[in-house]
Amino acid sequence: MTEPATTTRRRRTGAALGTFAGVFTPSILTILGIILFLRTGFVVGNAGLAGALVILAIATTVSVLTSISLAAISTNIDVGPGGDYYVISRTLGVEYGGAIGVVLFVAQSVSIGFYAIGFAEATTSFLGWESQVATQVLAAVAILALFAFAWAGADVATRLQFAIMTILVLALLSFFIGAVGDFDSTRLSQSWTSAASALGFWGVFAIFFPAVTGFTQGVSMSGDLRQPARSLPAGTFAAVGVSTVVYAAVFILLAGGVPLAVLVDDDGSAMRQLAAIGALVGLGVVAATLSSAMASFLGGPRILQAMAADRVFPYIDRFEKGDGPANNPRRAVLVSLVIALLTVLLGSVNVIAPVVSMFFLISYGLINYATYFEARSASPSFRPRFRYYRSWVSLAGAILCAAVMVLINPVAGMAAILALFGIYQYLRTRDVPERWIDASQSHHFQRAVESIRAMDDELMHPRNWRPQVLVFSGEKRRRERLLRFAKWVEGNSGLTAVFHIVVGEGIRRRIEADRQQEELVAEIDALGLDVHARTVLAANGLEALPVVIQSFGVGRLRSNVVLFGWPESTDEDRLQVYLERVREVARLGVGVISLSTDEARWQRFEATPAKERRIDVWWEDNDSGRLALLAAYLCTRAPEWGAASIRLVAASNGGKRSERQASLVAMLDEARIDAKVEVLPTTAFDRVEDLFADATVVLMPMHLRRGTILDPSDNDLLALVGDLPMTAAFHAAAPIVLETDPSSGIAREIADAEDAAQEARERSRKLEEQLDEAHRQLESMAIGSATEDDIARAEETLERIHRRAASARARVERTEWEASEVRRRAR
């Protein structure tokens, strides 16, 4: 994995925190925060104890599944600064990482204001102030105080959190001691369910869910950890486990200590009333809310700093700079401060909580999907030290997060997803320079392997034929024309590969082949063509040609058409070598396209306006002719030929021209190809160069006979092509079907063979039943009072059925063998 040098250096020099201080403490303090002290009673009152426990179970399931994914990914890669952003960007790529990085940074910054408002609400309630302005002013003051600690750095803030944890533990102990004394089992049973809440189950869930979002705080601090791979799983699971037990206990004690009618509007006062020392709970509210805000103040800016280091967005590189040995992101802290203060203007925990829930559900869903994506790729590099990971866990976590988002608020959920998608598309178009290697290549490789295997199991049918063009060119000056023509013929429906054979042996020629490979790739990149390039070293070029053609590809992905450039030389020896190459390819069962063009004819094509370009097809009713017609249609998919027309030119062959014309028009209509048909007398083809003089390109079938290449009129094509416009001659090696009936061909043969075998098996079964019945009748007659004549007739019947059954069994064997043979040929 490649990272910016500054990122790697920062993680090594500034890492100072262990599992307890760097992961467990910020996570548990964020989880046991504002919701615990201010909204647990509200949740129980509106959902009932049963509903509250279900809400806790769903939220905890999201936490546990995401924690498992985090444990796997954090023990598989070296988690750097940025936490969740780092994990997703290094797995799914910069587009996903940048999109979720923005969401997470904003979510963490909004959370600061969210927790500060919770602190202010609790304080003003305790003091008896009812002014909304007072709440917002107090929240702003709290944010500014926390800003001072965040400005000082993680070490100072972490030491503050130990003091806060002590207060939190004392507050919980005070509550548990007091609540156990007031616990009433009868009230507990009455609190199992509640009257229908105006918010509904998922509305209450949305308010509660921010309670469990703190378990990723440790990941956000990953750049400050000494051993992220060890600390992140241990600290995260410990925080989730402890917090789940605490919430469940608080739910039960509140349900058994306070009537639901009181809890339905509870703002935290119920916990203070039940506690042995109410003031400690009040102090705990202050400590918990401020500690949660502090954790977000530490985590959010580090995400922005990590994105700045990766140059994800323009103009944010200034936020990469940190201060001090811990590289404290003070500039990013300022941005979080502004967002937090703006959040305070919303002024209500219940208003902000669903927004926070949606942001974090998106991030958790992507964390789960990123881990599943990595595991699904089956890359050898995916070797997490967390032994209990299974890929289905991450998939389940991603699906659960998406489902919960929709259930909470379908409109807000879709809006959040669309915002994420918008950022993702922006980053795709921005073409961010690659600074690391993500899991995309492994994923695409695995998908390709699975697709190839799936194709191998499918029936071969002419309707699935796709051009897989193999281009051979030894001359760079002609290569561009060949490659562009190959892409036209491919029509974005197949693939094109170019091979260049370097003749020779030894290390020097190998070095030369490597150099030419680099030049070939650079040449194709400069042309902007989607072509695979390969240079091979061979002692003999002619001998290497059939080997390359036969060995190219995997499974069904193998060349079915080879494209050669027509020899421009009139040297007889060179022409014979070319003819031998074409015949050799045809003998291998691979189609051949021979393109005749030169600089003058290519410039003529480029000079012709797009709407005036015309593709002429010299028609012949065979596979080669159909391949030429199909190639003409595929060419019109390319921008260069999108406005061009196709003219199908055919000879009358002594028949009525009108009938021939109607037949070809019907054929084109059935093939769904738009073309103008011209049927001409056979004598018109005596001057082929005049017939096609106005064409931009001519496509025609070719015949390989009598040691030469012939046109459809069996004239020497070698002598003709020089007088034609740009011309391509086609020789098909496989059936080309323009009518696409899925039930025709080999598929129909298989269906008929299977039906015959099934019919034979059914007939054999019935005869076997008749044979058994005849045996039983004969046995009963032998021990009964049947006459000898009756027994003789029964034996004759048995013998007759036996012969028919034996014949049926033989037919079953034969039809099953025939069906298997048809299936074998289809593969």
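About the cut-offs
- Residues numbered from 1 in each chain as written.
- Predicted model: local features only at pLDDT ≥ 70, side-chain atom pairs only at ≥ 80, totals over all residues.
- Heavy atoms only, no water.
- Helix = DSSP H or I, 4+ residues; strand = E, 2+ residues; numbered from the N terminus.
- Buried < 20%, exposed > 50% of the residue type's maximum accessible area, 1.4 Å probe, protein only.
- Pairing = 2+ DSSP bridges.
- Axes fitted to C-alpha atoms, helices over the stretch in contact; angles between N-to-C directions.
- Contact = heavy atoms within 4.5 Å.
- Phe/Tyr/Trp six-rings, centres within 6.5 Å; stacked < 30°, edge-to-face > 60°.
- Core = buried A, V, L, I, M, F, W, Y, C linked by side-chain atoms within 4.5 Å.

Engineer: Looking at this model, I keep getting lost on unusual backbone geometry. Mind explaining?
Structural biologist: Leave glycine aside and you will find that most residues have negative phi; peptide bonds, for their part, are mostly trans. The backbone phi angle of Tyr315 is positive, close to 70 degrees, even though this residue is not glycine. Relative to the helices and strands, Tyr315 is located in the loop between α15 (278–309) and α16 (330–344). Located in the positive-phi region is Arg672, a residue other than glycine, with phi close to 60 degrees. Inspection of the secondary structure assignment puts Arg672 in the loop between α27 (657–671) and β8 (676–680). Using a relative accessible area of 53% as the deciding quantity, one classes Arg672 as exposed.

Engineer: Which parts of the structure should I look at to understand the sheet that holds strand β9 (residues 697–701)?
Structural biologist: Each strand in a sheet pairs with another by means of backbone hydrogen bonds, the pair being arranged parallel or else antiparallel. Overall, mixed pairing links the ten strands, which are arranged β3-β2-β1-β4-β5-β12-β9-β6-β7-β8 in an open sheet. Taken across any chain shown, the strands that pair with only one partner, and hence form the sheet edges, are β3 (532–538) and β8. The average angle at which neighbouring strand axes cross in this sheet is 20 degrees, direction not considered. Note: β9 against strand β12 (residues 726–731), five bridges, orientation parallel. Residue pairing in the sheet places Met700 in a bridge with Ala729 of β12. Against the sheet, helix α23 (residues 541–551) engages β1 (468–472), β2 (495–503), β3 and β4 (561–565), with an angle of about 150 degrees to β2.

Engineer: Whenever I open this one, the packing of aromatic side chains confuses me. Can you help?
Structural biologist: The geometry of two aromatic rings is summed up by the distance between their centres and the angle between their planes. All chains considered together, the criterion is met by 30 aromatic pairs. Each ring, one from Phe208 and one from Phe251, has its centre 5.8 Å from the other, and the planes form 45 degrees; the classification is tilted. Taken as a pair, Phe208 in helix α10 (residues 200–208) and Phe251 in helix α12 (residues 228–257) lie far apart in primary sequence, 43 residues in all. Across this residue pair, the class does not change: Phe208 and Phe251 are buried.

Engineer: So what exactly am I meant to see when it comes to the pairing of β1 here?
Structural biologist: Along any regular strand the residues' side chains alternate between the sheet's two faces. Here β1 lies mainly inside the structure; five of its five residues are buried. Side-chain alternation along β1 places Gln468, Leu470 and Phe472 on one buried face and Val469 and Val471 on a second face that is also buried. Examined bridge by bridge, β1 and β2 share five bridges and lie parallel to one another. Residue pairing across strands places Val469 opposite Thr496, the latter belonging to β2. Summarising the sheet, β1 and β4 pair through three bridges and their orientation is parallel. Residue Val469 lies in a different strand from β4, and its bridge partner there is Val561.

Engineer: Which parts of the structure should I look at to understand the nonpolar core?
Structural biologist: Considering soluble globular proteins, one finds that nonpolar side chains tend to be buried as a cluster. Ranked by internal contacts, the top residues of the largest apolar core, which has 123 residues, are Leu32, Phe37, Phe175, Phe208, Phe209, Tyr247 and Phe297. Of all the elements, helix α6 (residues 94–127) adds the most residues to this core, at 16 residues. Counting 53 residues, the second-largest nonpolar core is a separate cluster that includes Leu520, Trp619, Ile646 and Ile736.

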